[in-house]
Amino acid sequence: MENILICDDDKEIVDSIELYLCEDGFNVLKAYDGFEAIEVLKTNKIHLAVIDIMMPNMDGIRLIKEIRKKSSIPVIFLSAKSEDADKILGLNLGADDYMTKPFNPLELVARVKSNLRRYMSLGSEMNVTGLYSSGGLCLDENAKTCFVYGDEVRLTPIEHSILLFLVKNKGKVYSIEQIFENIWQNYTDGFRAENTVTVHIRHIREKIEINPKDPKFLKLVWGVGYKVEDL
């Protein structure tokens, strides 16, 4: 049974999410600010976290920064605001997905399942060794790790999935829509696709490239899409 951490200062929202997740067989642990969430993370194996951005004491922004220092578990941000900047900020901080309040609890459950499935099944493909590489870039599909010239680079589950997809198909160019459809298979919102993929690509480059503005591995083909060079 997967453990889901819900962190929101609104207890009614927490209880509502808990109800729907428990009905689907998940075990829910609750926190009402970032400090409480950190204590839960210290003493429990958490598989995914649902985190509100605006909270007292320690907000979701500070919390995800702390989580990403030690863990790559999927994180879904909740925001009471609809502005694009808040969504992009969440992705830049390492969130894998986001939902704007008010939201449909059933959609949240679907996104929890989708992110967990992607996170926990990265090693289920047909490659026996699970190793894929291009030049000095190497990804281990089974261990969910990434190395650049022998040094480990910590990627979030979504970042790992995107990069793994492109490395598996190195040399081929994929549009933003194609990348989105392969990684986020349940969603088809064009605006969401463009912004989400672009932010994650930039984040990946910042982690794997010596000079993100002149990338060696992850290339942009103007007017077409992205590819990982076959080095």
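All values reported here derive from a predicted model rather than from experimental measurement. (Residues numbered from 1 in each chain as written. Predicted model: local features only at pLDDT ≥ 70, side-chain atom pairs only at ≥ 80, totals over all residues. Heavy atoms only, no water.)

S.K.: Honestly, the overall build of the chain in this entry has me stumped. Any pointers?
M.R.: Of the regular secondary structure elements, the chain holds eight helices and eleven strands. Within the chain, the proportion of its 231 residues that are buried is 51%. In the chain, the share of contacts with a sequence separation of at least 24, taken over all contacts with a separation of at least 6, comes to 59%. Per element, the accessible surface of the chain, about 11200 Å² overall, is 51% carbon and sulfur. (Helix = DSSP H or I, 4+ residues; strand = E, 2+ residues; numbered from the N terminus. Buried < 20%, exposed > 50% of the residue type's maximum accessible area, 1.4 Å probe, protein only. Contact = heavy atoms within 4.5 Å. Areas by Shrake-Rupley, 256 points an atom, 1.4 Å probe, with all protein chains shown as cover.)

S.K.: How do you make sense of the sheet that holds strand β8 (residues 145–148) when you look at a structure like this?
M.R.: Two modes of strand pairing occur in sheets, parallel and antiparallel, and in both the strands are linked by backbone hydrogen bonds. Strand order in the open sheet made by the four strands is β6-β7-β8-β9, with antiparallel pairing throughout. Each end of this open sheet is capped by a strand with a single partner; those strands are β6 (131–134) and β9 (151–153). Taking the axes of each pair of neighbouring strands and ignoring which way they run, one obtains an average angle of 25° across the sheet. Judged from the four bridges that link them, β6 and strand β7 (residues 137–140) form a sheet pairing that is antiparallel. (Pairing = 2+ DSSP bridges. Axes fitted to C-alpha atoms, helices over the stretch in contact; angles between N-to-C directions.)

S.K.: I'm lost on helix α2 (residues 34–43) in this one. Help?
M.R.: Each α-helix winds once per 3.6 residues, and so residues spaced three or four apart point in a common direction. Regarding α2, the residues found buried are Gly34, Ala37, Ile38 and Val40. What you see down the axis of α2 is that its buried residues fit within an arc of 160°, all on one side. Opposite the packed face of α2, turned more than 90 degrees from it, sit the exposed residues Lys42 and Thr43. Of the surrounding elements, those touching the buried residues of α2 are β1 (3–7), β2 (27–31) and α3 (60–70). N-cap assignment for α2: the residue whose side-chain oxygen lies 2.9 Å from the backbone N of phenylalanine 35 is aspartate 33. (Arc of directions from axis to C-beta. Polar contact = N/O pair within 3.5 Å; in protein donor to acceptor, adjacent residues only side chain to side chain.)

S.K.: What is the right way to look at the nonpolar core in this model?
M.R.: Nonpolar side chains tend toward joint burial in soluble globular proteins. Leu137, Cys146, Ile162, Leu163, Leu166, Ile179 and Ile208 are the most contacted members of the largest nonpolar core, which totals 28 residues. Those elements giving two or more residues to this core turn out to be β7, β8, α6 (157–168), α7 (176–183), α8 (190–208) and β11 (225–228). Of all the elements, α6 adds the most residues to this core, at seven residues. Not counting residues within four places of it along the chain, the set of residues in contact with leucine 163 comprises Leu137, Leu139, Cys146, Leu155, Ile204, Ile208 and Val228. (Core = buried A, V, L, I, M, F, W, Y, C linked by side-chain atoms within 4.5 Å.)

S.K.: How should I be thinking about the packing of α2 against α3 in this particular structure?
M.R.: A pair of packed helices can be characterised by two numbers: the angle between their axes and the separation between those axes. One way to put it is that α2 packs onto α3 with a least axis distance of 9 Å and a crossing angle of 20°. With respect to α3, the element α2 is oriented roughly parallel. Handedness of the crossing formed by α2 with α3: right-handed. Judged by residue contacts, Gly34, Phe35, Ala37, Ile38 and Leu41 of α2 engage Arg62, Leu63, Glu66 and Ile67 from α3. (Parallel < 35°, antiparallel > 145°, perpendicular 65-115°, else oblique. Left-handed = near helix turned anticlockwise from the far one by under 90°.)

S.K.: Would you explain the pattern of salt bridges in this entry?
M.R.: When charged atoms on two side chains of opposite charge get close, those side chains can pair. Tallying each qualifying case throughout the model produces 14 salt bridges. Ionic pairing is found between aspartate 24 and lysine 113, a salt bridge with its closest N-O pair at 2.5 Å. Of this pair, aspartate 24 sits in the loop between α1 (11–23) and β2 while lysine 113 sits in helix α5 (residues 105–120), and the two are 89 residues apart along the sequence. Owing to a relative accessible area of 34%, lysine 113 belongs among the partly exposed residues under this scheme. A salt bridge links aspartate 96 to arginine 68, with the nearest nitrogen and oxygen atoms 3.2 Å apart. (Salt bridge = Lys/Arg side-chain N within 4 Å of Asp/Glu carboxyl O.)

S.K.: How do you make sense of the pairing of β1 when you look at a structure like this?
M.R.: On any regular strand, side chains alternate: one points to one face of the sheet, the next to the other face. Judged by how many residues are buried, β1 sits mostly within the fold: five of five residues are covered. Sheet topology note: the β1/β2 ladder contains five bridges and is parallel. By the bridge assignment, cysteine 7 is partnered in β2 with alanine 31. As judged from the four bridges shared by β1 and strand β3 (residues 48–52), these two strands associate in the parallel manner. If you follow isoleucine 6 over to β3, its bridge partner there is valine 50.

S.K.: What am I meant to see in the environment of glycine 60 here?
M.R.: Tracing the backbone shows glycine 60 in helix α3. Through-space distance from the C-alpha of glycine 60 to that of alanine 37 is 9.8 Å; in sequence the pair is 23 residues apart. Not counting the four nearest positions on each side in its chain, glycine 60 is found in contact with Ile51, Asp52, Ile53, Met55 and Phe77.

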